[in-house]
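Letter by letter, the chains look like this.
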Amino acid sequence: MAGSMNKVLLIGRLGQDPKLSYTQGGQAVANFTMATDEGYRDRTSGQKVERTEWHRIVAWRQTAEFCGNYLSKGRLVLVEGKLQTRKWQDQNGQDRYTTEIVASNVQGLDSRQDGAPAQGAPQGQGRPQQRQQGGYQQPPQGQQNGPSYEDEDLGPAFPSEASGMDDVPF
């Protein structure tokens, strides 16, 4: 379809530490939530009204490793990606839907107050302001190689490998 575009650009704060895991094929995947805020003044009462919107984010490969190693709850980030809605079945066999942002680029916008990398980050490396470049690292021996993050209300954090996600070029 000519003239269509699926692009999301958000600036907000992480609602939780990213959960980094690896697929059975060794592909890194990170999942986290992000909050964006907006405020306005109610015309009738004159009261200021604050509204927070929560977004579910999934990142793959080097972007996932950057998120898992360098980002933490409360950090101000820029997320660039696309919207994706997936269908899944709950424990009762009911069809459910999850809409999430598949991140193609994630950047930390604020500096960490303590000057240290996030928990589990490699020591001796500075924090990049942009997405970290570099080679792919296999998970340490003994680390779980399957999906490890699921949210009962929102469905699996990422599709199973049976869905062919290893072939998706993002």
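Residues numbered from 1 in each chain as written. Predicted model: local features only at pLDDT ≥ 70, side-chain atom pairs only at ≥ 80, totals over all residues. Heavy atoms only, no water.

Pairing analysis gives three bridges linking strand β4 (residues 48–60) to strand β6 (residues 95–108), with the strands arranged parallel. Within β6, the residue paired with Ala59 across the bridge is Ala103. Summarising the sheet, strand β5 (residues 76–89) and β6 pair through 13 bridges and their orientation is antiparallel. For Val79, the partnering residue across the bridge sits in β6 and is Val106. Between β5 and β6, which pair antiparallel and follow one another directly, the connecting turn spans five residues, one of which, Gly93, has a positive phi of 80°. (Pairing = 2+ DSSP bridges. Helix = DSSP H or I, 4+ residues; strand = E, 2+ residues; numbered from the N terminus.)

A few words on the confidence of the model for the protein chain. Here the protein chain shows a mean pLDDT of 75. Residues at 70 or above account for 65%. Here residues 114–170 scores under 50 on pLDDT; set against residues more than four positions off or in separate chains, the count is 109 contacts. (pLDDT = per-residue confidence, 0-100. Contact = heavy atoms within 4.5 Å.)

Attention now moves to the nonpolar core. Ile57, Cys67, Leu71, Val79 and Val106 are the most contacted members of the largest nonpolar core, which totals 20 residues. Those elements giving two or more residues to this core turn out to be β1 (8–14), β3 (28–41), β4, α1 (61–70), β5 and β6. (Core = buried A, V, L, I, M, F, W, Y, C linked by side-chain atoms within 4.5 Å. Buried < 20%, exposed > 50% of the residue type's maximum accessible area, 1.4 Å probe, protein only.)

Moving on, we get to the pattern of salt bridges. Close approach of charged atoms allows side chains of opposite charge to pair. Within this structure, the stated rule accounts for ten salt bridges. The partner of Glu38 in a salt bridge is Arg51, with the nearest N and O atoms 3.6 Å apart. Taken together, the positions of Glu38 in strand β3 and Arg51 in strand β4 put the pair 13 residues apart, joining distant regions of the chain. Judged by its relative accessible area of 44%, Glu38 is partly exposed. Since its relative accessible area comes to 43%, Arg51 is described here as partly exposed. With a shortest N-O distance of 2.8 Å, Arg86 and Glu100 are connected by a salt bridge. Residue Arg86 is found in strand β5, and its partner Glu100 is found in strand β6; the two are separated by 14 residues along the sequence. (Salt bridge = Lys/Arg side-chain N within 4 Å of Asp/Glu carboxyl O.)

This brings us to the pairing of β3. Bridge count between β1 and β3: two bridges; the pairing is antiparallel. Bridged to Arg13 within β3 is Ala35. By the bridge criterion, four bridges tie strand β2 (residues 19–22) to β3 in an arrangement that is antiparallel. Bridge assignment links Leu20 to a residue of β3, and that residue is Ala30. Counted along the chain from β2 to the antiparallel partner β3, the turn is five residues long, and its residue Gly26 has a positive phi close to 85°.

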